[in-house]
Structure formats: C-alpha cells, structure tokens
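So you can see what is in the structure, the chains are spelled out below.
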Amino acid sequence: MDEMIVEKYNELIKENGAESLFSPVSFEVAAKNTKIKVIREEIEISKFSNYVERVMEMPKSVDSSKITTGIVFNSEGTYSHVPTEVFQKEGKWFARINSLTNSEYSVIWNPVTVKSVEDHWSKDAVNDMASRLVIFDPEAFTPDKAITRADFAEYIVRALGLYREGSAHENKFSDISTNGNRTLAILIANEYKIVEGYPDGTFRPDARITREEAMTMYQRAMKVTKLVGSDSNRYQSYKDFGEVSTWAESNVKEVLAAHVFNGTNTTIISPKSNLTYAEATQAVKNLLVESKLINK
C-alpha cells in the first residue's frame, strides 16, 4: 500500500481517539479464467457470500490485551468494525479478520467505557460492542429503553461488518429519507434480508420491536453468518413459548437453539415484550461469539 495512504489512515485512527496496532493493508481476492490458454482473464471479486478470513500476525511489541478489533476503511474517509477474533499460535499473536468484501484493513485498540451501564448486568457486552464501534452513540446509551427498528438495524449491520459509509443501496421505503442518520444501515439490513418493511411500503424506523420480532431478525442474521443451532429442544425450557406468534415460532426455536437469544429469566422468554437496548446488544454479541467471528 502507498506510504501516503498508510499515513492518512493512521492519522484518521488517531483523530478518532484510537491507536493503530497494525499498519493498514489491502486484501483482494480475484477469480482467474484459466480455460482459455492464450488469455487468462483475472476478475476482482468485491463481495462474497461467505466470510473470508484475513489473518494478521501482530508485531511482538503489541500487547495482546490491547487488540480491540479489526477495521475496514471506507471510501469517504471513515472506518468501520469488522468481526475480529484474536488467537495465539506457536507463541505469536494473530488477529483473524472476517469480512464479506475486499478492502483495506487495520487493527486498533479502542477501549470504550459506557457510563450508563457501570452497574448494569449488560456492562461487559455493552462496553465490548461500543469498543468495537457497534454501539454508535455510547454517551447516549440507555440500557433499559426499548430499542427502535432503525437503531436495531444499525447495530446488526455494524456488528456483522456490513456497514460501509459511502456505499449506495436501493431505498424501497416511503418513510425513509435519503440522508437520514440510520438510512444507510436500514438499506443494508434490508439488502441482506435481515429487516423488512410493511405491506404499505413503510419501514417505521421509530417503532419499537417486540422480542419475537427481534428473534426473527437475529435468525435472518444467522443466515449471513451461516450459524446453525444445535440445542434444538432449548425452547421447551420456556414455559411461555406458547405465547409466541405462529409466524415466529420456527425463527424463535432456531435462535434459542443457537444460544443467540436468552429469556428474561431461565423460564420466561416474554415474546410480546419490547426488546431493550441492553438486550439487543447482548444478543448481538452472542451472535458474533456463537458464529465464531469474535472471542467470548
């Protein structure tokens, strides 16, 4: 990568209060046509149907406890989280970045402490997801408030590493403005079939989400990560499973089987209750962990 570009990216990371742990590097996967002997045509593949691993060996000077996450650089001068797992092999530390696109990447240290969850059960998950840039406004995070459809979409696409500022997507919704704060995330989530609109052509970004609706969306996100649950009878431990709407039953069973979603206690799933920001964050982390995209 050009030294000037590397310097620009490192400065961008510093301006955002983070620390670069690995010099920015470009990864590309290309397909080569070898059927024609005379001309071998090479075509870059920019988008994948499965996560592609990029493994970076961390410099010996890097403290492994300071590896927060991998990032991908966006075209208009920002960067976003990509799911990253840290592991040790033969005495060396590595960061395994999982991405669905070709691009330019780095690894950062970006510790974030969210004050509103200091004494809350979701503290560890919230601080982790905020540090990974999934929680986009940690200063305003309200753990027990019901999450909106728009914010839920943003959490999901950021967590999965799908969020790319500067990218263009079709807007099918009559109530979503072109330049809204959550528009990009909503359109990406819809493109990946994680969220859908209503029959009248609206998305209703400010509407609250019930827990069974959320479980349906997490199940769709599981399709992106190729996660399949193995604890198929787990739903039977919730005595109010019978309250789950018929249309959501199979989705709820699958999400519970994968241990992505938990009840409000060990025997109650509360399908009709609104999902809170804290619950959404914990389930997002569970999704990434169970999909083996990040560390526990």
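The structure under discussion appears in the preceding block.
Residues numbered from 1 in each chain as written. Predicted model: local features only at pLDDT ≥ 70, side-chain atom pairs only at ≥ 80, totals over all residues. Heavy atoms only, no water.

### A closer look at the overall build of the protein
A count of helical and extended segments in the protein gives seven helices and nine strands. Based on the C-alpha atoms only, the size of the protein along its principal axes is roughly 60 × 50 × 40 Å. The buried share of the protein, reckoned over its 296 residues, is 51%. Excluding contacts between residues fewer than 6 apart, the proportion of contacts in the protein whose partners are at least 24 apart in sequence is 73%. (Helix = DSSP H or I, 4+ residues; strand = E, 2+ residues; numbered from the N terminus. Buried < 20%, exposed > 50% of the residue type's maximum accessible area, 1.4 Å probe, protein only. Contact = heavy atoms within 4.5 Å.)

### Digging into the sheet that holds strand S9 (residues 103-109)
Backbone hydrogen bonds are what pair the strands of a sheet, in a parallel or an antiparallel way. With antiparallel pairing, the four strands of this open sheet are ordered in space as S1-S9-S5-S6. Both edges of this open sheet fall to strand S1 (19-27) and strand S6 (79-82), since each of them pairs with a single strand only. Each strand of the sheet is rotated relative to its neighbour by a mean of 30°, with strand direction disregarded. As paired strands, strand S5 (residues 69-73) and S9 are joined by four bridges and run antiparallel to one another. By the bridge assignment, Thr69 is partnered in S9 with Ile108. In this fold helix H1 (residues 3-15) packs onto S1, S5, S6 and S9, with an angle of close to 140° to the strand it touches most, S1. (Pairing = 2+ DSSP bridges. Axes fitted to C-alpha atoms, helices over the stretch in contact; angles between N-to-C directions.)

### A short note on helix H7 (residues 277-290)
If you check H7, its first and last C-alpha atoms are 20 Å apart, about what 14 residues at 1.5 Å a residue would give, namely 20 Å. Taking burial as the measure, the 14 residues of H7 include twelve buried ones, the bulk of the element. For H7, the full list of buried residues reads Tyr277, Ala278, Glu279, Ala280, Thr281, Ala283, Val284, Lys285, Asn286, Leu287, Leu288 and Val289. One or two steps after H7, the chain reaches Lys292, where phi turns positive at roughly 60°. (Expected span 1.5 Å × (residues − 1).)

### What about the pattern of salt bridges?
As a working rule, side chains carrying opposite charge can pair if their charged atoms are close by. Counting across every chain of the model gives 13 salt bridges. In this structure, Lys123 and Glu118 form a salt bridge, with 3.2 Å as the shortest nitrogen-oxygen distance. By relative accessible area, which is 40% here, Glu118 ends up partly exposed. A salt bridge links Asp128 to Lys285; the shortest N-O distance between them is 3.1 Å. Of this pair, Asp128 sits in helix H2 (residues 123-131) while Lys285 sits in helix H7, and the two are 157 residues apart along the sequence. Take Asp128: its relative accessible area is 18%, and that puts it in the buried class. Each of Asp151, Glu154, Arg158 and Arg182 takes part in a single network of salt bridges with overlapping partners. (Salt bridge = Lys/Arg side-chain N within 4 Å of Asp/Glu carboxyl O.)

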